[in-house]
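Coordinates in review
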Amino acid sequence: MDKNSDQIYIDKVLKGDTNAFAYLINKYKDMAYTLAIKIVKNHEDAEEVAQDSFLKAYEKLDSFKGNSKFSTWLYTIVYRNAITKIRKKNIATSDIDDYVMDNYSEGSEFPQIEAIKNGEQQKYVREAINRLPEKDALLITLFYMNESSVEEIEQITNLTQSNIKVKLFRARKKLNTELSFLLKEEVKTIL
């Protein structure tokens, strides 16, 4: 249903109703900015990346074929623009090797991550995510906050599914460590 409502507005834009694109911007601007800030780590740069991404999406909207959700297509643009921004600033990124693949599982091995759902506790989760390296924060944000599938993340980041699973496994471990540090006794009561 969501995909269909997006397609209605996409069709309107393609037929010349440029104001219909405002619906898509309003719907996706928060997550686009969130993804950008996780990568570029600077509010001004994140705003620029998000704006440039929407502009590029508008200009290339006729190339959107509907093979994936519009959000996946848009977040791919955001991701690539953010990476380009980082490369232009010569920020080094580190690669992660794949030897942990056998230890990955779709379910969480850290129930405290699943248990933290509301109010003050969400503040700690956001703070813990912000303390993660940029790629880990991005993957956690896409997978848990945006509820993107591994396949959608593959399209957005151009990483292989196995690499995404490994990195998600490691990111969850790092998030668990950060949460343990931030919550100390609270984590013990959740378990």
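Bear in mind the structure is a predicted one, so any value in this text is a computation, not a measurement. Along each chain, the written sequence defines residue order, and numbers are assigned to residues from 1. Reporting in this predicted model follows two pLDDT cut-offs: at least 70 for local features of residues, and 80 or more for side-chain atom pairs to be given and counted; totals over whole chains, interfaces and linings ignore these cut-offs and use all residues. Values shown for side chains rest on all heavy atoms present in the structure; no hydrogens or waters enter the calculation.

Here we look at the packing of helix α3 (residues 43–59) against helix α4 (residues 70–88)
Quick reminder of the rule: Only C-alpha atoms enter the line fits that serve as axes; for helices the fit covers just the stretch in contact. Angles between N-to-C directions range over 0 to 180 degrees. Helix and strand definitions follow DSSP, with helices as H or I runs of at least four residues and strands as E runs of at least two, each counted in order from the N terminus. Any angle that is under 35 degrees is reported as roughly parallel, and any over 145 degrees as roughly antiparallel; angles of 65 to 115 degrees are reported as roughly perpendicular and all others as oblique. Take the far helix as your reference; a near helix turned counterclockwise from it by less than a right angle gives a left-handed crossing, and one turned clockwise gives a right-handed crossing. In this analysis, two residues are considered to be in contact whenever any of their non-hydrogen atoms come within 4.5 Å of each other. Classification convention: Asp, Glu, Lys, Arg as charged; Ala, Val, Leu, Ile, Met, Phe, Trp, Tyr, Cys, Pro as nonpolar; all other residues, Gly among them, as polar.
At a minimum axis separation of 9 Å, α3 and α4 run at an interaxial angle of 130°. Comparing their axes, α4 and α3 come out oblique. The handedness of the crossing between α3 and α4 is right-handed. The segment α3 lies against α4, with Asp45, Glu48, Val49, Asp52, Ser53, Phe54, Lys56 and Ala57 engaging Trp73, Leu74, Ile77, Val78, Asn81, Ala82 and Lys85. Class assignment of the residues belonging to the contact of α3 with α4 gives a composition of 8 nonpolar, 2 polar and 5 charged.

Some details on the packing of helix α2 (residues 21–40) against α4
Taken N-terminus to C-terminus, the directions of α2 and α4 make an angle of 40°; their axes are 9 Å apart at the nearest point. When the interaxial angle is binned, α2 and α4 end up oblique. Note on packing geometry: the crossing formed by α2 with α4 is right-handed. In contact with Phe21, Leu24, Tyr28, Met31, Ala32, Leu35, Ala36, Ile39 and Val40 of α2, α4 contributes Phe70, Ser71, Leu74, Tyr75, Val78, Tyr79, Ala82, Ile83, Lys85 and Ile86.

What to know about the pattern of salt bridges
Inclusion rule: By definition here, a salt bridge exists when the distance from a side-chain nitrogen of Lys or Arg to a carboxyl oxygen of Asp or Glu is within 4 Å. Using a 1.4 Å probe on the protein chains alone, a residue whose accessible area is under 20% of its type maximum counts as buried, one over 50% counts as exposed, and one in between counts as partly exposed.
In this structure the tally under the stated criterion is 5 salt bridges. Note that Asp6 is salt-bridged to Lys27, the shortest N-O span being 2.8 Å. Of this pair, Asp6 sits in helix α1 (residues 2–14) while Lys27 sits in helix α2, and the two are 21 residues apart along the sequence. You can call Lys27 partly exposed: its relative accessible area is 28%. Close ionic contact of Glu48 with Lys85 constitutes a salt bridge, the shortest N to O distance being 2.9 Å.

A short note on the side chain of Thr157
What counts here: Polar contact is the term for a pair of N or O atoms within 3.5 Å; when the atoms are in protein, one must be able to donate a hydrogen and the other to accept it, and sequence-neighboring residues count only if both atoms are side-chain atoms.
Within the secondary structure layout, Thr157 lies in helix α8 (residues 150–157). Polar contacts involving the side chain of Thr157 include one to the main-chain carbonyl oxygen of Ile153, which spans 2.8 Å. In contact with Thr157, other than residues within four places in its own chain, are Tyr79, Leu138, Leu142 and Ile164.

Describing α3
Put simply, the rule reads: Any helix carries an expected span of 1.5 Å times its number of residues minus one.
Over its 17 residues, α3 runs 24 Å from end to end, which matches the ideal 24 Å to within 8%, given 1.5 Å per residue. For α3, the complete set of buried residues consists of Asp45, Ala46, Val49, Ala50, Ser53, Phe54 and Ala57. Close packing links the buried residues of α3 with α2 and α4. Backbone nitrogen of Glu44 and a side-chain oxygen of the N-cap are separated by 2.9 Å at the start of α3; the cap is Asn42.

Quick look at α2
Since the α-helix packs 3.6 residues into each turn, any two residues three or four apart lie on the same face. For the record, the criterion: Bend, at a single residue, is the angle you get between axes fitted to the 7 residues ending at that residue and the 7 residues starting at it.
The principal kink in α2, of about 50°, is found at Tyr28. Within α2, burial applies to Phe21, Leu24, Tyr28, Met31, Ala32, Leu35, Ala36, Ile37, Lys38, Ile39 and Val40. Lys41, located one to two residues past α2, shows a positive phi value of around 60°.

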